[in-house]
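# Remarks on the overall topology
Next come the chains, spelled out residue by residue.
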Amino acid sequence: MHITGGCHCGAIRYQAEIEPERISICHCTDCQRLTGSAYRITAPARPGSFTLTSGEPRGYAKYGDSGGLSRQFFCPNCGSPLYRTDGDGGGFGIRVGSIDQRQELAPKKQIWCRSALPGVENIETLPRFEGED
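The text that follows walks through the structure, step by step, so that each part is easy to find. In this numbering scheme, every chain counts its residues from 1 along its sequence in written order. Residue-level local features of this predicted model are given only where pLDDT is at least 70; pairs of side-chain atoms are given and counted only at 80 or more, and the full residue set underlies all totals for whole chains, interfaces and linings. As a rule here, side-chain values come from all non-hydrogen atoms in the structure, and water together with hydrogens is ignored.

## Quick notes on the overall build of the chain
Elements are defined by DSSP. Helices are runs of H or I of four residues or more, strands are runs of E of two residues or more, and each kind is numbered from the N terminus. Helix and strand content of the chain: one helix and ten strands. Written out in order from the N terminus, the α and β elements of the chain read β-β-β-α-β-β-β-β-β-β-β. The globule rule used here is 2.2 Å times the number of residues to the 0.38 power, and the radius of gyration it is set against is calculated over C-alpha atoms. Computed over C-alpha atoms, the radius of gyration of the chain comes to 15 Å, within 12% of the 14 Å expected from 2.2 N^0.38 for 133 residues, which places it in the range of a compact globule. Dimensions of the chain, computed from the C-alpha atoms along their principal axes, are close to 40 × 35 × 30 Å. Counting the 133 residues in the chain, one finds 33% classified as buried. For the chain, the proportion of contacts with a sequence separation of at least 24, taken over those separated by at least 6, is 58%. For accessible areas, the Shrake-Rupley method is used with a probe of radius 1.4 Å. Any residue's cover is judged against the shown protein chains and nothing else. Surface accessibility of the chain: about 8200 Å² in total, with carbon and sulfur atoms responsible for 48%. When the 15 basic and 15 acidic side-chain charges of the chain are each reduced to a single mean position, those positions are 6 Å apart. Only protein chains enter the accessibility calculation, which uses a 1.4 Å probe; a residue whose area is less than 20% of its type maximum is buried, one above 50% is exposed, and one in between is partly exposed. Here, two residues are considered to be in contact whenever any of their heavy atoms come within 4.5 Å of each other. Note that His is not counted, nor are the chain ends; the positive residues are Lys and Arg, and the negative ones are Asp and Glu. Each charge is placed at NZ for Lys, CZ for Arg, CG for Asp and CD for Glu.

Laid out in structure tokens, this is it:
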């Protein structure tokens, strides 16, 4: 699937080909800190398909819970998380929240569930509002 996306302020834009059947939710503690939320949703890009179309993200490298090197990229203006690459820079994991077509995408699996925060398993019973209450 061809996707486009970018950061919140619009300074960074990208395009890629993704595999929607490989979208996952990650509950690891690194992803919780990176998102400031309970988990992160990632869409893997097909090898060689990710292209920046405008802007220049900032990045840093860190060893993750898995022990592998992970490079995280974000907008230097607004701080939006955009994508990660693996240690050799070959694998791209795009943050679903930054994808323009995110309404068409659904996670297919969950990983690092041993780190999942309490209360995220079933939110269907929580009251729902169309806007801010």
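## What to know about the sheet that holds strand β5 (residues 51-54)
Spatial ordering of the open sheet is given by β1-β2-β5, a layout of three strands whose pairing is antiparallel. The open sheet terminates on both sides in strands that have one partner only, identified here as β1 (2-6) and β5. Averaged over all pairs of adjacent strands, the angle between their axes in this sheet comes to 25°, without regard to strand direction. The pairing criterion is simple: DSSP has to find at least two bridges between the two strands. Of the pairings in the sheet, the one linking strand β2 (residues 13-17) to β5 comprises three bridges and is antiparallel in character. Bridging from a neighbouring strand, R13 pairs with S54 of β5. As a rule, the C-alpha atoms of each element are fitted with a line to give its axis, helices using only the stretch in contact, and angles between N-to-C directions run from 0 to 180 degrees.

## Comments concerning the packing of aromatic side chains
Two rings from Phe, Tyr or Trp (for Trp, the six-membered ring) form a pair when their centres are within 6.5 Å of each other. A pair whose planes differ by under 30 degrees is stacked, one over 60 is edge-to-face, and the rest are tilted. Across all of its chains, the model carries six aromatic pairs by this definition. Relative to F74, the ring of Y60 lies with its centre 6.3 Å away and its plane at 55°, an arrangement referred to as tilted. Note that Y60 is positioned in strand β6 (residues 58-63) and F74 in strand β7 (residues 69-74), a separation of 14 residues in sequence. An aromatic cluster is built from Y14, F50, F73, Y83 and F92, whose rings are joined through pairwise contacts.

## Comments concerning the layout of surface pockets
Estimated volume of the largest pocket: approximately 620 Å³. The wall of the largest pocket is formed by 30 residues, among which C26, C31, R40, S70 and R84 lie closest to the centre. When residues of the lining of the largest pocket are traced back to their parent elements, those giving at least two are β3 (24-26), α1 (29-35), β4 (40-44), β6, β7, β8 (81-86), β9 (92-95) and β10 (109-111). In terms of residue count, α1 provides more of the lining of the largest pocket than any other element does, four residues in total. Any residue outside Ala, Val, Leu, Ile, Met, Phe, Trp, Tyr, Cys, Pro, Asp, Glu, Lys and Arg is labelled polar, Gly included; the first ten of those are nonpolar and the last four are charged. Looking at side-chain class alone, the lining of the largest pocket contains eleven nonpolar, nine polar and ten charged residues. Put simply, the grid is 1 Å and covers the protein atoms alone, a cavity is a trapped set of points that fit a 1.4 Å probe, a pocket is an open set with protein on both sides within 12 Å along at least five of seven lines, and lining residues have an atom within 4 Å of a point. Grid points are joined across faces, edges and corners, and a volume is the space filled by probe spheres set on the points. Counted as a void, the second largest pocket has a volume near 410 Å³. Lining the second largest pocket are 21 residues, with P81, R95, V96, G97 and S98 positioned closest to its centre.

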